[in-house]
Amino acid sequence: MKVKTILVSQPEPKVENSPYYDLQNKFKVKIDFRPFIHVEGVSAKEIRVQKIDLNNFTAIIFTSKNSVDHFFRVAEEMRYKIPEDLKYFCQSEAVAFYLQKYVVYRKRKIYVGQKDFVDLAPLIKKYKDEKFLLPNTDQLNHDVPQTLDGLKVDWKQGIFYRTVMSDLTDLKDVYYDVLAFFSPTGIKSLFKNFPNFEQNNTRIAVFGPTTQKEALDHGLRVDIMAPAPGTPSMTGALEKYVAEVNKGK
C-alpha cells in the first residue's frame, strides 16, 4: 500500500533544511510531528532528597542538551554559585556547543567526546581524581553506568528530569500510513493512550534495537528499521521505503 501520511513522534524540526521536508516535497506525502513523550524537570527539593549537594562535585558529565538545561535550572533554584574551575565533560560536540548558552566557552574547562558515551572514557580517565556528577533522566542508557563503573571513578547520578508520556487522546480518530518511533517509551506512550490499538495496515518505523524490541513485545509488526545498511537515519529509511511502495504514483 502506498504511503500518503506519516506521523513522526518527535517535535517538528526548527531548521528549514530538515530532511523531513525534503522527503515531504519529493514524494508529496504529508508529514506531521507530534511528541509522544516529553521531559519534565525535577524540583530542587527532590534533588536534595537524592542526597545531592552540588558543592561536593568538581566535574559535571552532560549526555544531552536536556541534561545541560536542567543542571543549570537546578543550580539556579538552589542558588548555587558555579565555580569557574568546574570541569564539564560533554558527550558530543553538539552538547558542548549548546553549553555556550550558559557559560563563556573559552573561560571554562570543557572536554568533548566524539558521539557515543564510551568515547568520553579516555578523557574521564585522565581526570579520574575528580568527583563527577551525572545530571540525567530516570531512563539512563545502561552503557553509561557500565562505562563509569569500569573506570573506577567517583561519580554519582542525579535524576534532574523525567521522561513522561504525552497525552495523545486527541489523535483517537486520526489515522496515518506510517508511525515513526525513536524510543521504547514512545511505543509505551502509544499503548498507554490507545490500549486497544490495532496495527492493521499502519506501517511502524523504529529507530534502534531497543525501540524495535519494545514494538515487537507489544505485538507490533516492524516494517521500517533504522539504522540499517545504507540507511543510517530515520529519514533515509523512510525515503527508501516510500520510494519502493509508491512506485508508479
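See the structure shown above.
Described below are features of the structure shown in this document. Fair warning: this is a prediction, and the values are worked out from it, not measured in the lab. (Residues numbered from 1 in each chain as written. Predicted model: local features only at pLDDT ≥ 70, side-chain atom pairs only at ≥ 80, totals over all residues. Heavy atoms only, no water.)

1. What to know about the pattern of salt bridges
For the record, the criterion: Take a side-chain nitrogen of Lys or Arg and a carboxyl oxygen of Asp or Glu: if they are within 4 Å of each other, that pair is a salt bridge. Strands are runs of DSSP state E lasting at least 2 residues, helices are runs of H or I lasting at least 4, and numbering of each runs from the N terminus. Burial status follows relative accessibility: with a 1.4 Å probe on protein chains alone, a residue under 20% of its type maximum counts as buried, one over 50% as exposed, and anything between as partly exposed.
If you walk through the whole model with that rule in mind, you get nine salt bridges. Asp170 is the salt-bridge partner of Arg34, the closest N and O atoms lying 2.9 Å from each other. Taken as a pair, Arg34 in the loop between β2 (30–33) and β3 (37–41) and Asp170 in the loop between β8 (154–165) and β9 (178–181) lie far apart in primary sequence, 136 residues in all. Note that Lys213 is salt-bridged to Asp217, the shortest N-O span being 2.8 Å. Here Lys213 pairs with Asp217, and both are found in helix α8 (residues 209–217), just four residues apart, close to one helical turn. When its relative accessible area of 53% is taken as the criterion, Lys213 is described as exposed.

2. Remarks on the environment of Ser67
In plain terms, the rule: Here, residues are in contact when the closest pair of their heavy atoms is within 4.5 Å. Any pair of nitrogen or oxygen atoms within 3.5 Å is treated as a polar contact; in protein, a donor-acceptor pairing is required on top of that, and neighbouring residues in sequence qualify only through side-chain atoms on both sides.
For Ser67, the position within the fold is in helix α3 (residues 65–77). Exposure remark for Ser67: the relative accessible area of 0% places this residue in the buried category. Once the C-alpha coordinates of Ser67 and Arg79 are considered, the two residues, 12 residues apart in sequence, prove to be 18 Å apart. Once you skip the residues sitting within four places of it in the chain, Ser67 turns out to touch Phe62, Pro135 and Tyr161. For Ser67, the side chain forms a polar contact with the main-chain oxygen of Ser64, separated by 2.6 Å.

3. Let's talk about the packing of aromatic side chains
Here the distance between the centres and the angle between the planes together describe a pair of aromatic rings. The following threshold applies: Side-chain rings of Phe, Tyr and Trp, where Trp is taken by its six-membered ring, are said to pair if the distance between their centres is within 6.5 Å; with planes under 30 degrees apart they count as stacked, over 60 as edge-to-face, and otherwise as tilted.
Taken as a whole and assessed by the stated rule, the structure comprises 16 aromatic pairs. Ring geometry for Phe62 against Tyr88: centres 6.0 Å apart, planes inclined by 10°, an arrangement best described as stacked. Linking Phe62 in strand β4 (residues 59–62) with Tyr88 in strand β5 (residues 87–90), this pair joins segments that are 26 residues apart in sequence. Phe62 sits in the buried class, given a relative accessible area of 0%.

4. With respect to the nonpolar core
The condition that has to hold: Residues belong to one nonpolar core when they are buried, are Ala, Val, Leu, Ile, Met, Phe, Trp, Tyr or Cys, and are joined through side-chain atoms within 4.5 Å.
Leu54, Phe62, Phe71, Tyr88, Leu99 and Phe160 are the most contacted members of the largest nonpolar core, which has 27 residues in total. The dominant element in this core, judged by the number of residues it contributes, is α3, at five residues. Membership of the second largest hydrophobic core comes to 20 residues, among which are Ile6, Phe27, Val29 and Leu238.

5. Describing the pairing of strand β6 (residues 109–112)
Quick reminder of the rule: Two strands pair under a simple rule: DSSP has to find at least two bridges between them. Here, the term right-handed applies to a crossover whose path from the first strand over the helix to the second runs clockwise when the strands point away from the viewer.
Sheet analysis places β5 next to β6, joined by four bridges and oriented parallel. Across the sheet, residue Lys87 finds its bridge partner in β6, namely Lys109. Read from β5 through helix α4 (residues 93–99) to β6, the crossover connection turns out right-handed.

6. Points about helix α6 (residues 143–151)
The test is simple: An arc is given here, and it is the one of the directions from the helix axis to the C-beta atoms.
Val144, Thr147, Leu148 and Leu151 are the residues of α6 that are buried. Each buried residue of α6 sits inside an arc of 95° when the element is viewed along its axis, so together they form one side. The exposed set on the far side of α6, more than 90 degrees from its buried face, consists of Gln146 and Gly150. Residues of α6 that are buried make contact with β4, α5 (121–126), β7 (131–137) and β8.

7. Things to note about the sheet that holds β4
We apply this condition: Axes, fitted as lines to C-alpha atoms, cover a helix only where it is in contact. Angles between the N-to-C directions of the axes lie from 0 to 180 degrees.
Read across the sheet, six strands follow the order β3-β8-β7-β4-β5-β6 without closing on themselves; strand pairing throughout is mixed. Two strands bound the open sheet, and with one partner strand each, they are β3 and β6. Between one strand axis and the next, the sheet turns by 25° as a mean value, whatever way the strands run. Summarising the sheet, β4 and β7 pair through two bridges and their orientation is parallel. Residue Ile60 lies in a different strand from β7, and its bridge partner there is Leu133. Sitting on the sheet, α6 touches β4, β7 and β8, and the angle it makes with β8 is about 175°. Against the sheet, helix α7 (residues 184–193) makes contact with β3 and β8, and its axis sits at roughly 35° relative to β8, the strand it touches most.

These figures capture arrangement, not role.
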